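# Structural description and commentary
Listed here are the chains, written in short residue letters.
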Amino acid sequence: MSAMSAAEPYILALANQKGGVGKTTTAVNLAGELASRGQQVLLVDCDPQGNATTSLGVSKRDLRCSTYEVIAGIVGLDRAIRSTGRAGLDLLPANEHLAGAMVELVTAERREWRLADALSQVIGYDWVLLDCPPSLGLLTLNALCAARGVIVPLQCEYLALEGLAQLKGTIDRVRDHLNPRLTIVGVVMTMFDGRTNLAQQVVEEVRRYFPQRIFNTLIPRSVRISEAPSYGRTIAEYDPSSRGARAYAALADEVLRRVDRQAVVQ
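If you're wondering where the values come from, they're calculated on a predicted model, not measured in any experiment.

Analysis parameters
- Residues numbered from 1 in each chain as written.
- Predicted model: local features only at pLDDT ≥ 70, side-chain atom pairs only at ≥ 80, totals over all residues.
- Heavy atoms only, no water.
- Pairing = 2+ DSSP bridges.
- Helix = DSSP H or I, 4+ residues; strand = E, 2+ residues; numbered from the N terminus.
- Axes fitted to C-alpha atoms, helices over the stretch in contact; angles between N-to-C directions.
- Contact = heavy atoms within 4.5 Å.
- Parallel < 35°, antiparallel > 145°, perpendicular 65-115°, else oblique.
- Left-handed = near helix turned anticlockwise from the far one by under 90°.
- Nonpolar A, V, L, I, M, F, W, Y, C, P; charged D, E, K, R; others polar.
- Salt bridge = Lys/Arg side-chain N within 4 Å of Asp/Glu carboxyl O.
- Buried < 20%, exposed > 50% of the residue type's maximum accessible area, 1.4 Å probe, protein only.
- Phe/Tyr/Trp six-rings, centres within 6.5 Å; stacked < 30°, edge-to-face > 60°.
- Lys NZ or Arg CZ within 6 Å of the ring centre and 35° of its normal.
- Core = buried A, V, L, I, M, F, W, Y, C linked by side-chain atoms within 4.5 Å.
- Lys, Arg positive; Asp, Glu negative; His and termini not counted.
- Expected span 1.5 Å × (residues − 1).
- Arc of directions from axis to C-beta.
- Patch = residues over 30% accessible without salt bridge, like charges linked within 9 Å, V, L, I, M, F, W, Y side chains within 5 Å.
- Areas by Shrake-Rupley, 256 points an atom, 1.4 Å probe, with all protein chains shown as cover.

Right, let's talk about the sheet that holds strand β7 (residues 183-192) for a bit. Picture the strands of a sheet paired through backbone hydrogen bonds; they go either parallel or antiparallel. Strand order in the open sheet formed by eight strands is β3-β4-β2-β5-β1-β6-β7-β8, and the pairing between neighbours is mixed. Every interior strand has two partners, whereas the edge strands, β3 (82-86) and β8 (214-220), have only one. Averaged over all pairs of adjacent strands, the angle between their axes in this sheet comes to 25 degrees, without regard to strand direction. Sitting on the sheet, helix α1 (residues 23-36) is in contact with β1 (10-14), β2 (41-45), β4 (89-92), β5 (127-131), β6 (149-155) and β7, with an inclination near 165 degrees to β5.

With their axes 10 Å apart at the nearest point, helix α7 (residues 138-146) and helix α8 (residues 164-177) run at an angle of 55 degrees to one another. Regarding the angle of α7 to α8, the classification is oblique. As for the relative orientation of α7 and α8, their crossing is right-handed in sense. Contacts between α7 and α8 involve L141, L144 and C145 from the first element and T170, I171 and V174 from the second. Considering only residue class, the contact of α7 with α8 consists of five nonpolar, one polar and no charged.

Enumeration according to the criterion identifies 16 salt bridges in this entry. With a closest N to O distance of 3.0 Å, K168 and D172 form a salt bridge. Placement of the pair is K168 and D172 together in helix α8, with a separation of four residues, close to one helical turn. Exposure remark for K168: the relative accessible area of 27% places this residue in the partly exposed category.

Attention shifts here to the packing of aromatic side chains. A complete count under the given rule lists three aromatic pairs for this structure. Ring geometry for Y209 versus F210: centroids 4.9 Å apart, planes at 85 degrees, classification edge-to-face. For the cation-ring pair, R258 lies above F215, with the distance from its terminal atom to the ring centre recorded as 4.2 Å.

L119, L130, M189 and V206 are the most contacted members of the largest nonpolar core, which totals 57 residues. With seven residues, the top contributor of residues to this core is α7. The residues contacting M189, other than those within four sequence positions of it, are L154, Q155, C156, V202, V203, V206, I214, T217, L218 and I219. Core analysis: the next-biggest nonpolar cluster, separate from the first, contains 36 residues, W127, F215, Y248 and L251 among them.

Let's shift gears to the side chain of D47. By the secondary structure assignment, D47 is in the loop between β2 and α2 (51-55). Buried and without a salt bridge, D47 has K23 as its closest oppositely charged side chain, separated by 4.5 Å. For D47, the contacting residues outside a window of four places in its chain are K23, A94, L98, D131, C132, P133 and P134.

The next point concerns helix α9 (residues 197-209). Owing to its 3.6 residues per turn, the α-helix aligns residues three or four sequence positions apart on the same side. With 13 residues, α9 should cover 18 Å at 1.5 Å per step; its first-to-last C-alpha distance of 19 Å lies within 8% of that length. Within α9, the full set of buried residues consists of A199, V202, V203 and V206. Taken end-on, α9 shows its buried residues confined to a sector of 100 degrees, consistent with a single buried face. Away from its buried face, by an angle of more than 90 degrees, α9 presents the exposed residues N197, Q201 and R208. Those residues of α9 that are buried are in contact with β6, α8, β7 and β8.

Looking now at a nonpolar patch on the surface. Side chains of Y158, L159 and L198 sit close together on the surface and give an oily, nonpolar patch of about 330 Å² of accessible area. With respect to the element layout, Y158 can be found in the loop between β6 and α8.

What follows concerns the pairing of β6. The buried count for β6 comes to seven of seven residues, which makes it a mostly enclosed element. The side-chain alternation of β6 yields two buried faces, one formed by G149, I151, P153 and Q155 and the other by V150, V152 and L154. Note that β1 and β6 share three bridges and pair parallel. Bridging from a neighbouring strand, L14 pairs with I151 of β6. Two strands pair when backbone bridges link them, and β6 and β7 are joined in this way by seven bridges, in the parallel orientation.

Here you go:
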């Protein structure tokens, strides 16, 4: 482990209320890269669509226990976690049943803290990565209350900038009223096409908005990255020599350095 203790993993949420920004792709590939560096990683699928689950080759139809049963208090975390078949990488899977939690949580006690309470049982992991749904509803709120850090994947398109201020406002409110430990680890620019002026302009705009938070690594727009989930593989497994694989490897290095510095400061 780096600066994290064996008793408390670093819980990192990947959140953006806008869909199609590469959030799940980033969660899955970052989890795989951290595991490949000898870290013990738990990836938690917090999205009823279950895309992180299928991206790692796990069938949603065959799930006996999932994130829903854990949040609902039906089963303990240890019964729902399953191996991905990869060294150092486990999964708390999700399927469409999790959509029911969004309704049930409205009237539940400690509704913002259900996931945090469940994850308090976690032992033996360096990292817990939370793949949030594309909304700012109760599932994402649960993830933000459980997390110490947030990574915001942001597509290199103009409209993606519109929701950034709203998301930052939500994160600030969660930190002020619910989870004072929460911090923005960084913004990662995804689907970057260096041939277009627009992509360059969006990156520069985010640098002005988050000068200390934007990651140097730019995740390229890549057919290979898009293909990998259909084979149940990370991009490093599917095409290890590709630009996408190199980019996610570089992002993992940046995350390790950045969180290590934060842990020392905190």
